[in-house]
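# Results of the structural survey
As a plain string of letters, each chain reads:
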Amino acid sequence: MTQIIAIRPEPGLSATVEAARALGLSVTAASLFEIRPLPWDAPDPAAIDGLLIGSANAIRHGGANLARFLDKPAYVVGKTTQKAAESAGFSVAATGSGGLQSLIDECALLAKMLRIAGADHVPLDPPSGVNIHKVIAYESAPLPLEKSVFDRSADRTIVLLHSAVAAEHFTSECKRLNIDTMKIELAVFGPRIASAAGKDWRAIHVAERADDAALLAMVSALCQ
């Protein structure tokens, strides 16, 4: 029997479990993170031309300040973030995949952009003529891993990792609990996450794209 474990925070965790179920996969939900809003100071909306949003959490936890920028076009990463932004009343100018840097490399951004980010975020290299004002609107607080998450009757364990921060925290928790990582396989969104997880795993599998559909399709194939 293969046990598949997802550790991402809600509501993404439930979405992953549901998407996996549609593929005939059973996933153990064991969130190791809790998303918490942080207070942030909004710049003058008149000084902002558009928004950069790399996660739906920026919309879910952005708070009352978001309403000040509803008339600004939003450049977002992923369909989930697009849906959250549109549901909140934003007009989405472009939707990318593979991270914000890929999005800004592919799109003609406006001159003055507001990036609404989490405490853990990837630095960006904006194109010439584009100024990015960054605010931190939420954090992903780590939670402890419990040994009881692992099914001892399983002969194979695959853990889904959606971010480099998740990879680092899961690795740290495995060391703290003295878990034999050579018995664990990782299924990750991309090379950066694989690198953050380090070595000493049974295997690390990297999805073709940084989205749940590609990740779960890969895991489904692994379980055949």
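See the structure printed just above.
All residue numbers refer to positions counted from 1 along the written sequence of the respective chain. The predicted origin of the model limits local features to residues at a pLDDT of at least 70 and limits the giving and counting of side-chain atom pairs to 80 or more, whereas totals for whole chains, interfaces and linings rest on all residues. Side-chain measures here rest on the full set of heavy atoms in the structure, leaving out hydrogens and waters.

### Side note on the overall build of the chain
Condition: In this text, helices come from DSSP runs of H or I with a minimum length of four residues, and strands from runs of E with a minimum of two, each type numbered from the N-terminal end. Per-residue accessibility, obtained with a 1.4 Å probe over protein chains only, is compared with the maximum for each type, and a residue is labelled buried under 20%, exposed over 50%, and partly exposed between these values. In this analysis, two residues are considered to be in contact whenever any of their non-hydrogen atoms come within 4.5 Å of each other. For the accessible areas, the method is Shrake-Rupley and the probe is 1.4 Å, while residue cover comes only from the protein chains on display.
Along the chain, the regular secondary structure elements total seven helices and 11 strands. Taking all 224 residues of the chain together, the buried fraction comes to 46%. For the chain, restricting intrachain contacts to residue pairs at least 6 apart in sequence, the fraction spanning at least 24 positions comes to 58%. With an accessible surface of roughly 11100 Å², the chain has 50% of that area assigned to carbon and sulfur atoms.

### A look at unusual backbone geometry
Going from E10 to P11, the amide bond is cis rather than trans, its omega being 5 degrees. A positive phi is found at N178, a non-glycine position, where the angle reads about 55 degrees. Residue position: N178 is located in the loop between α5 (164–176) and β10 (184–188). Note on N178: relative accessible area 68%, which makes it exposed. One non-glycine residue, D200, lies in positive phi territory at about 65 degrees. Note on placement: D200 falls in the loop between α6 (191–197) and β11 (203–206).

### Here we look at the layout of surface pockets
Remark: the empty space left among the atoms is shown by a probe the size of a water molecule rolled over them. Using the following cut-off: Any residue with an atom within 4 Å of a point lines the site, the site being either a cavity, points on a 1 Å grid over the protein atoms alone where a 1.4 Å probe fits but cannot get out, or a pocket, an open set with protein on both sides within 12 Å along at least 5 of 7 lines. Grid points are joined across faces, edges and corners, and a volume is the space filled by probe spheres set on the points. Throughout this entry, Asp, Glu, Lys and Arg are counted as charged residues, while Ala, Val, Leu, Ile, Met, Phe, Trp, Tyr, Cys and Pro are counted as nonpolar. The remaining residues, Gly among them, count as polar.
If you add up the space inside the second largest pocket, you get close to 440 Å³. Broken down by class, the residue content of the lining of the second largest pocket amounts to four nonpolar, three polar and eight charged.

### What about the sheet that holds β10?
Put simply, the rule is: DSSP-based pairing: two strands are paired if at least 2 bridges between them are found. For helices, the fitted line uses only the C-alpha atoms of the stretch in contact; every axis is such a line through C-alpha atoms, and the angle between N-to-C directions lies from 0 to 180 degrees.
Taken in spatial order, the five strands of this open sheet run β2-β1-β9-β10-β11, and their pairing is parallel. The sheet terminates laterally at β2 (27–29) and β11, the two strands that pair on one side only. Strand after strand, the sheet turns through a mean of 25 degrees between neighbouring axes, direction not considered. Sheet topology places strand β9 (residues 156–161) next to β10; five bridges connect them, and they run parallel. Paired with T157 across the bridge in β10 is I184.

### Observations concerning the environment of I136
With respect to the helices and strands, the residue I136 is situated in strand β8 (residues 131–142). According to the relative accessible area criterion, I136 is partly exposed, its value standing at 25%. Residues I136 and K79, 57 residues apart in the sequence, show an inter-C-alpha distance of 22 Å. When near neighbours in sequence (up to four residues on either side) are disregarded, I136 contacts L38, P39, W40, A117, G118, A119 and H121.

### Brief notes about the state of the cysteines
As a reminder, the rule being used: Counting rule for disulfides: a pair of cysteine sulfur atoms within 2.5 Å.
Taken as a whole, this structure holds zero disulfides when the rule is applied. For C223, which is in no disulfide, the shortest distance to another cysteine sulfur is to C174 and amounts to 18 Å. The exposure class assigned to C223 is partly exposed, which follows from its relative accessible area of 31%.

### Looking at the sheet that holds β8
Taken in spatial order, the six strands of this open sheet run β3-β8-β7-β4-β5-β6, and their pairing is mixed. Two strands bound the open sheet, and with one partner strand each, they are β3 (33–37) and β6 (91–96). Taken over all neighbouring pairs, the strand axes of this sheet differ in orientation by 25 degrees on average, direction set aside. Pairing of β3 with β8 involves five bridges; the strand directions are antiparallel. Directly across from E34, in β8, lies its bridge partner A141. Helix α3 (residues 79–87) contacts β4 (50–53), β5 (73–77) and β6 of the sheet and is inclined by roughly 175 degrees relative to β6.

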